[in-house]
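# Structural features, examined
Here's the letter readout for the chains.
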Number of protein chains: 2
Amino acid sequence: MSKAANTRLTILQKAFELIYTKGYQTTSIDEIIATTQVTKGAFYYHFKTKDEMGIAIIEEILKPTMQEHFIQPTEASQNPIEDFYNMISYLLLEDPFLQVKYGCPVGNLTQEMTPWNNKFSEALTELVNLWKETIINSIEKGKESGLIRKDVVGEQVAFFILSGYWGIRNFGKLQNDNSVYLVYLKELRSYLDNLK
Amino acid sequence: MSKAANTRLTILQKAFELIYTKGYQTTSIDEIIATTQVTKGAFYYHFKTKDEMGIAIIEEILKPTMQEHFIQPTEASQNPIEDFYNMISYLLLEDPFLQVKYGCPVGNLTQEMTPWNNKFSEALTELVNLWKETIINSIEKGKESGLIRKDVVGEQVAFFILSGYWGIRNFGKLQNDNSVYLVYLKELRSYLDNLK
DNA sequence: CATAAAAAATACTGATTAGTATGAAAAAGC
DNA sequence: GCTTTTTCATACTAATCAGTATTTTTTATG
């Protein structure tokens, strides 16, 4: 990777960490360049505005991560119900980057940036739709293989699972204690079993 | 109500509206006093800091509203499952103040202010716990009256319902279209029926 | 009405914000 | 090596921010 490309990636990664923990609006460019040891000239060479950097974080950091961790595993799945549970459980309890008190990066950005910033809304919508469609496809496969009841509606379940995940992440932020995750997961288990 | 008390209440109400639509951090005191037609001297006579005003909004606007609209109706309920659905459905589709694109005021504040502001966390936790406990009590009553299965765990269901609500509110913000609510409500109906 | 206290008005401050103007260094192309 | 383009560095600006200092007006109380 060229030195310039490295500078750009460093900015994106460090900025993302700051934004995840502090929020987008309250993370200043001065703070970003201080922690990255990059000058303002360099920053504005790579990004025309702060928002352009924000979009780049979604496209170049969040999107690939989501592809790798959620989309591909789910697509390869043979047992949707088991894998939905494992996916959520992994995200809540085991993912090494995510922390209870900081919630879900995508959920946070959605809450903070919509409905005022169209660019953010579009980029985030694309991200979320990707995840949603993958879940729907997985449910359809499960219905064909007999693991899921035929009368289950994929879209409804997808929204229900993802909503619950975003919501419990918000509870986690509030309580800063992953015991809420454990309670939630028990009920998720029960809900998912009812799809069989 | 004295003129002073009226000034204070006006500030709280208008500030709350601004914060609901724009977010807390991005709503400035200058903006609040501009829309309320109140001077800075008056504002800082009533509130020592911006955060003190924020807490007052939670205590004096959000809390009474929640008491009136969610707590009392649920406590009076004879049929928990039906009333849970109606409560969520009302909030999503009928409440005259709430708007799809702005999400849930309590959820928004939680996302934005935790984990950095302890005062906010405490005030919001109190609010949410009130709601949660009311749901749990209602479930217990439902179990006694035979409307809900005995093996249902109240706390799990409470978290599941509230998480789903917060989450779908965030989806609403993202899509700015209440069709996501309709899809969500269908699955909620199905989930709740499984508690019988 | 007189006085004291409460309530509000005005003008300011220092810090922080995103973004810019300009020039210097580094890298690439020939 | 020379030139051009890319990449980065420094110093600045105008706007906005939460909060303060001070004074004036309004209200309550005797």
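Just above sits the structure.
To start, this report covers the structure provided alongside it. (Residues numbered from 1 in each chain as written. Chains lettered and ligands numbered in written order. Predicted model: local features only at pLDDT ≥ 70, side-chain atom pairs only at ≥ 80, totals over all residues. Heavy atoms only, no water.)

### Describing helix H7 (residues 118-144) of chain A
To keep it simple, the criterion reads: Labels follow the DSSP assignment, with helices taken as runs of H or I lasting at least four residues and strands as runs of E lasting at least two, numbered in each case from the N terminus. To estimate the expected span of a helix, count its residues, drop one, and scale the result by 1.5 Å. Under the rule applied, a polar contact is a pair of N or O atoms within 3.5 Å (in protein, one hydrogen donor and one hydrogen acceptor; residues adjacent in sequence only if both atoms are side-chain atoms).
Compared with an ideal rise of 1.5 Å per residue, which puts 27 residues at 39 Å, H7 of chain A spans 38 Å between its outermost C-alpha atoms and is within 8% of the ideal. The residue sitting at the N-terminus of H7 of chain A and contributing the capping side-chain oxygen is Asn117 of chain A; that oxygen lies 3.2 Å from the backbone nitrogen of Lys119 of chain A.

### Points about the protein's contact with DNA strand C
For clarity, the cut-off: The cutoff for a nearby residue is simple: one of its non-hydrogen atoms must lie within 4 Å of the molecule or strand.
The environment of DNA strand C is formed by 16 residues, the closest being Lys50 of chain A together with Thr7, Thr39, Tyr45 and His46 of chain B. If you look at DNA strand C and keep only atoms within 4 Å of the protein, 63% of those are sugar or phosphate atoms. Contact distances for DNA strand C include 3.0 Å between a phosphate oxygen and a backbone N or O atom of Ile29 of chain A. Interatomic distance of 3.0 Å between a side-chain N/O atom of Lys40 of chain A and a base oxygen of DNA strand C. Counting residues per element, the ones that place at least two in the surface near DNA strand C are helix H2 (29-36) and helix H3 (40-46) of chain A together with helix H1 (3-22) and helix H3 (40-46) of chain B. Sorting elements by how many residues they give to the surface near DNA strand C places H3 of chain B first, with 5 residues.

### Considerations on the interface of chain B and chain A
Reports often express the size of an interface as the amount of accessible area lost when the parts come together. Note the threshold: Two residues form a contact once any of their heavy atoms are found within 4.5 Å. For any pair of parts, buried area is found by adding up, for both, the accessible area (1.4 Å probe) each one loses once the two are put together. Whenever a carboxyl oxygen of Asp or Glu lies within 4 Å of a side-chain nitrogen of Lys or Arg, that contact is scored as a salt bridge.
Taken together, the contact pairs 43 residues of chain B with 43 residues of chain A. Note on chain B versus chain A: buried area summed over both sides is about 4100 Å², and carbon and sulfur give 66% of it. Where chain B meets chain A, there are 0 salt bridges. In this assembly, chain B and chain A are joined by 14 residue pairs in polar contact (both at pLDDT 80 or more). Of all the secondary-structure elements, those providing two or more residues to the side of chain B that touches chain A are H1, helix H6 (105-113), helix H7 (118-144), helix H8 (154-175) and helix H9 (179-193) of chain B.

Just geometry here; none of it tells us what the structure is for.
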